[in-house]
Amino acid sequence: THLGWARLWGELGFNCTPNLFFMLRDLEAPGALVQAAKQVATAHFEVIFMATGPDSTSLQMLNNSLVSAAGVKLRQHVLLLADSLETCEAVRDPHCYWSSRMLVQPPSDTIVTRKFWDWRFKFYFIKKLYIARLVQSGFGVLQIDTDTIWQHDPFPMLRLMAARSSIVVMKDIGLANAGIIFARPGSADAQRLLDDVAWRVQLLQNHPEVIPRLVPFTKALRPPFYANSDDQSLLNDVIVSAVLRNATFLGSTARYEAKNKYNTNPDVPVWETLPESKLHSQQLRQMHRKGRSGVVAVPWARDGERTARYTMLPIADNDSVALAPRALFAHLPFAHSNAITHLTAARGFKAKVKALQRLGRWHPEGLSDSSTPLRPHHSATVGDRGEASIDWRGMARKWRDGLAASKPIAALRG
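Small disclaimer: the values here were computed from a predicted structure and weren't measured.

Student: Talk me through the side chain of E276; I want residue IDs and the actual numbers.
Tutor: Summarising the element assignment, E276 is placed in helix α13 (residues 275-289). Although E276 is buried, it forms no salt bridge, and the closest oppositely charged side chain is K278 at an N-O distance of 8.7 Å.

See below:
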C-alpha cells in the first residue's frame, strides 16, 4: 500500500512523507504541482514562481531576491523551480522543486543551441508549461526573474486589474518582457494564449525541421536553422496572434531565420529587405491600434500619483493582456514608488550587483533569521488519490467576481 511503501522507505533511511513526490521533489509526479502551489499560495490563491540555475551567481541572485520579497512579507509564497534535484538539495529550501521533464542536453542541432546553450534553456518551456497548468488549476501565478527589487506588494494592484485583464505582463521595447508575467484564471482565450507560448517553445526546441512550413523563405536553406526558442520573442508573437486572432511567427521565428546580428549565415536574406519584415511591422501597428487605456489605483501611494494608466490589449469580450504601468513593474532607474524593479538594463551579473550595491539592496547570503517562516509540507489536505483537496470552482469564482460587474473592454475608450 501507499503507506507501506512510505514505511519501507523510512526503514531504508529516507526521510519520507505519505506524499512520495516530496522525496524526489519532482513537479511531474501526479498531483505534485498542485500540492506544491497549495502550500505556498496566498489567501487569494496566488503563487510567486521563481527559477534558479546551479551556479553561484544564480544562487546569489536568488538569495537576494528572496530577501527582497521578505521585505514586503511575500517570501513564504515563493514556489522555487531549480534545474535539478541536486540544486534543490544545495538550496535547502523546503519549497524548492525540479522537473523530470527538464532538458538535460540540447534536444536538436540548431544555430541558437550551438551558440547559446546553457542551463537557461532548460527553463524556457517548463516555466511556461507550469504557469499554464497552475492557472488552469485555479491559481494566480506571478512568474518573476530573480534580478528584481521588491519595494511594495504587487498583488493588491494586480487584483484591481484582474477584473479586465487575466494576464498582466511587464512592458518592454516592442511589447512585453517575459521576465515578469502575472496570469490568473480567466477566459478560454487567455488560457489558450498561455498554452500557445509553452507549445511554441517546445516545438522550436525539439522540431526545427518544421521551420520551412512556418517561414517560406527558409525552404531554400539547408539545416541547421536558427530555431529561436527564446520565450520572450515567442510570447510577443503569441500576444499579437491572440489580439489579431491570426497566428503569426514573424517576430519570433521568421525574423531570426533572416540575417541579423545573431544569425550571420551568409546564405540567408537580410530581414529588413523581406516582405515578412513589413508585414510584421504592420501587425504590430494593428495590434496597438486595438489597445484600450485603463486606470488603476496605486494602493501603496502616499505622495504623488495615486493612479496609473496602462494599456489593455483585448483578447476576448471581457478579457485582455495588460501592459503593466511602471508603478507596478518597472525597469531601471529604481524608484521607491514602484512595486517591483527589474534589472534588465544592467547587463551581466557584475552590472546587476553594482546597481544593487548602490541602492543598498545586495544580500547574496540570503535570509539570516526565521522572520518569514515557511509552511510545512504536510499542510496540504490530501484526498484519496494523494492529490490536494482544493475547491477549484470556489477559486475560479473569486477571480471571476470582478468580471461580472466589469464593463466590456470594447466599451472602454482609448
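Student: Any chance you could break down empty space enclosed by the protein for me, citing the residues and the numbers?
Tutor: Rolled over the atoms, a probe sized like a water molecule indicates the empty space that remains. Under the criterion given, the structure shown has two cavities of 30 Å³ or more. Taken as a whole, the largest cavity holds about 50 Å³ of empty space. Forming the boundary of the largest cavity are K128, I131, I181, L193, L194, V197 and L235. Of all elements in the fold, only α7 (121-136) and α9 (188-206) reach the threshold of two or more residues within the lining of the largest cavity. Of all the elements, α9 adds the most residues to the lining of the largest cavity, at three residues. Empty space within the second largest cavity amounts to approximately 40 Å³. Surrounding the second largest cavity, I111, L221, R222, P224, F225, Y226, E257, N263, N265 and V268 form its lining. Among the residues making up the lining of the second largest cavity, the classes are represented as six nonpolar, two polar and two charged.

Student: Requested: an account of helix α12 (residues 250-257), with residues and values cited.
Tutor: Taken across its eight residues, α12 has seven buried, putting it largely inside the fold. Three or more residues of α12 are buried, namely L250, G251, S252, T253, A254, Y256 and E257. For α12, the elements touching its buried residues are α9, α10 (211-214), α11 (231-244) and α13.

Student: A description of the sheet that holds strand β12 (residues 340-342) should follow, citing residues and the corresponding values.
Tutor: Spatially, the three strands line up as an open sheet ordered β5-β12-β11, and their pairing is mixed. Here the strands that pair on one side only, and so sit at the sheet edges, are β5 (148-150) and β11 (329-331). The mean angle between the axes of side-by-side strands here comes to 25 degrees, regardless of whether they run parallel or antiparallel.

Student: Before we move on, can you summarise the packing of α11 against α12 with the specific residues and values?
Tutor: Direction vectors running N to C along α11 and α12 enclose 125 degrees, while the axes themselves pass 8 Å from each other. Taken together, the axis directions place α11 and α12 in an arrangement best described as oblique. Two secondary-structure elements touch here, α11 through S233, L234 and D237 and α12 through L250, G251, S252, T253 and Y256. Residue classes in the contact of α11 with α12 are distributed as three nonpolar, four polar and one charged.

Student: An account of the nonpolar core is requested, with residue identities and associated values reported.
Tutor: Ranked by size, the top nonpolar core spans 57 residues in total, and within it L81, I167, L193 and I239 carry the most contacts. Looking at which element gives the most residues to this core, the answer is α7, with 11 residues. In this structure, C88, L142, F182 and V298 belong to the second largest nonpolar core, which totals 37 residues.

Student: I'd like a rundown of the state of the cysteines, residues and numbers included.
Tutor: Applying the stated criterion to the full structure yields one disulfide. With its sulfur 2.1 Å from that of its partner, C88 forms a disulfide with C96. Judged by the sign of its S-S torsion, about -90 degrees, the cystine formed by C88 and C96 is left-handed. An identical accessibility class is assigned to C88 and C96; each is buried.

Criteria and cut-off values
- Residues numbered from 1 in each chain as written.
- Predicted model: local features only at pLDDT ≥ 70, side-chain atom pairs only at ≥ 80, totals over all residues.
- Heavy atoms only, no water.
- Helix = DSSP H or I, 4+ residues; strand = E, 2+ residues; numbered from the N terminus.
- Buried < 20%, exposed > 50% of the residue type's maximum accessible area, 1.4 Å probe, protein only.
- Lys, Arg positive; Asp, Glu negative; His and termini not counted.
- Salt bridge = Lys/Arg side-chain N within 4 Å of Asp/Glu carboxyl O.
- 1 Å grid on protein atoms, 1.4 Å probe; cavity = no way out; pocket = protein on both sides within 12 Å on 5 of 7 lines; lining within 4 Å.
- Points joined across faces, edges and corners; volume = space filled by probe spheres on them.
- Nonpolar A, V, L, I, M, F, W, Y, C, P; charged D, E, K, R; others polar.
- Contact = heavy atoms within 4.5 Å.
- Pairing = 2+ DSSP bridges.
- Axes fitted to C-alpha atoms, helices over the stretch in contact; angles between N-to-C directions.
- Parallel < 35°, antiparallel > 145°, perpendicular 65-115°, else oblique.
- Core = buried A, V, L, I, M, F, W, Y, C linked by side-chain atoms within 4.5 Å.
- Disulfide = S-S within 2.5 Å.

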